[in-house]
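Given next are the chains, with one letter for each unit.
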Amino acid sequence: QTWSFGAVHSGERSLRHVLLRSGDVPVALAQVRIIAVPRISRGMAYVSWGPLWRPRGSPANVGHLRNVLRALRNEYVLGRKLYLRISPKIVESADTRHLRAVYEGEGYRWRNDPQETVLLDLSPSLEEIGHGMGRSWRNAHKKALRQDVQFIEGNEDEIAEEVLQVAEEMKTRKSFYGGNQQELVRASRDLPPEIRLHMIVCRHGGEPVAALGWPTLGGIGIPLIGGTG
């Protein structure tokens, strides 16, 4: 939902933006990608990982979500006659189960996301988390701890290039697509430093052997880029 990613991924001409204010305060927004069907006056409006409706530091107000959903439906379905698809990427929990009723109450139909999300509770100690893993994982972990490795963190270009090196090497080795990591790095470079992808590289013998990058927006860490050598 960052403007930078939308511009890199889809191009500025394909983007539209919806902003909901309460008085002068922004309370919800959505970035919409328009996909036109050639030769007919129809197409698709696509909202990925949105809309955003919980400003940091403010209590959640589900009314803001309801209003921005209504605005999107009125503008793109009723007004422009487009097919509207929203993929909010809501991680199901006790705090989010009521949101499906909000979407359905505004005229949306629910469909299960084929991509599964695994939640890992990080409140226990590292030792407790390790004991819950399988035997082969624990053995590999013990072996890794004995290696002479170096970890580098940040969002500088040098780190990004090493992350891409590891990611591309793994994709080639395993022969799978795995998304467009180059695109993610380009979008990250266009963002303000405080919200760029945070990346970590593991080096062994001076060479990068593992890498991971994730967004620093919101409260849930989602790995978007990385790989192992």
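Since the model is a prediction, treat every value here as computed from it, not as a measurement.

> Sorry, what's going on with the sheet that holds strand 1 (residues 15–22) here?
For sheets, the rule is that strands pair by backbone hydrogen bonds, running either parallel or antiparallel. Spatially, the four strands line up as an open sheet ordered 1-2-3-4, and their pairing is mixed. In the strand order of this sheet, the two ends are held by strand 1 and strand 4 (83–87), each with one partner. Adjacent strand axes in the sheet meet at a mean angle of 25° when their direction is disregarded. For strand 2 (residues 25–36) and strand 3 (residues 43–48), the ladder comprises four bridges, and the chain directions are antiparallel.

> Would you take a moment to explain the pairing of strand 3 for this structure?
Along any regular strand, the residues point their side chains to alternate faces of the sheet. Alignment of strand 3 against strand 4, held across five bridges, turns out to be parallel. Note that in strand 4 the partner of Ser48 across the bridge is Ser87. The β-α-β motif built from strand 3, the intervening helix 2 (residues 62–79) and the parallel element strand 4 has right-handed crossover chirality.

> How should the sheet that holds strand 6 (residues 198–204) be read in this particular structure?
The four strands are arranged 5-6-7-8 in an open sheet whose pairing can be described as antiparallel. Across the chains shown, the open sheet's two edge strands, defined by having one partner strand only, are strand 5 (149–154) and strand 8 (225–228). Taken pair by pair, the neighbouring strands of this sheet meet at an average axis angle of 20°, ignoring direction. Summarising the sheet, strand 6 and strand 7 (residues 207–214) pair through seven bridges and their orientation is antiparallel.

> In this structure, what is going on with the nonpolar core? I would like to understand it.
Counting 20 residues, the largest nonpolar core has Leu65, Leu72, Tyr76 and Ile86 as its most contacted members. Elements supplying a minimum of two residues to this core: strand 2, strand 3, helix 2, strand 4 and helix 3 (99–105). With five residues, the top contributor of residues to this core is helix 2.

> Looking at this structure, how should I read a nonpolar patch on the surface?
Taken together, the side chains of Leu19, Leu29 and Leu52 define a hydrophobic patch exposed on the protein surface, amounting to about 230 Å² of accessible area. Considering the arrangement of structural elements, one finds Leu52 in the loop between strand 3 and helix 2. Assessed through its relative accessible area of 39%, Leu52 is described here as partly exposed.

> Before we go on, may I ask you to explain the pattern of salt bridges in this structure?
One side chain can pair with another of opposite charge once the charged atoms of both are near each other. Taken as a whole and assessed by the stated rule, the structure comprises 10 salt bridges. Glu168 is paired through a salt bridge with Lys171; the nearest N and O atoms lie 3.7 Å apart. Residue Glu168 and its partner Lys171 are located together in helix 6 (residues 157–174), separated by three residues, close to a single helical turn. Judged by its relative accessible area of 29%, Glu168 is partly exposed.

Thresholds applied
Residues numbered from 1 in each chain as written. Predicted model: local features only at pLDDT ≥ 70, side-chain atom pairs only at ≥ 80, totals over all residues. Heavy atoms only, no water. Pairing = 2+ DSSP bridges. Helix = DSSP H or I, 4+ residues; strand = E, 2+ residues; numbered from the N terminus. Axes fitted to C-alpha atoms, helices over the stretch in contact; angles between N-to-C directions. Right-handed = clockwise from strand over helix to strand, strands pointing away. Core = buried A, V, L, I, M, F, W, Y, C linked by side-chain atoms within 4.5 Å. Buried < 20%, exposed > 50% of the residue type's maximum accessible area, 1.4 Å probe, protein only. Patch = residues over 30% accessible without salt bridge, like charges linked within 9 Å, V, L, I, M, F, W, Y side chains within 5 Å. Areas by Shrake-Rupley, 256 points an atom, 1.4 Å probe, with all protein chains shown as cover. Salt bridge = Lys/Arg side-chain N within 4 Å of Asp/Glu carboxyl O.

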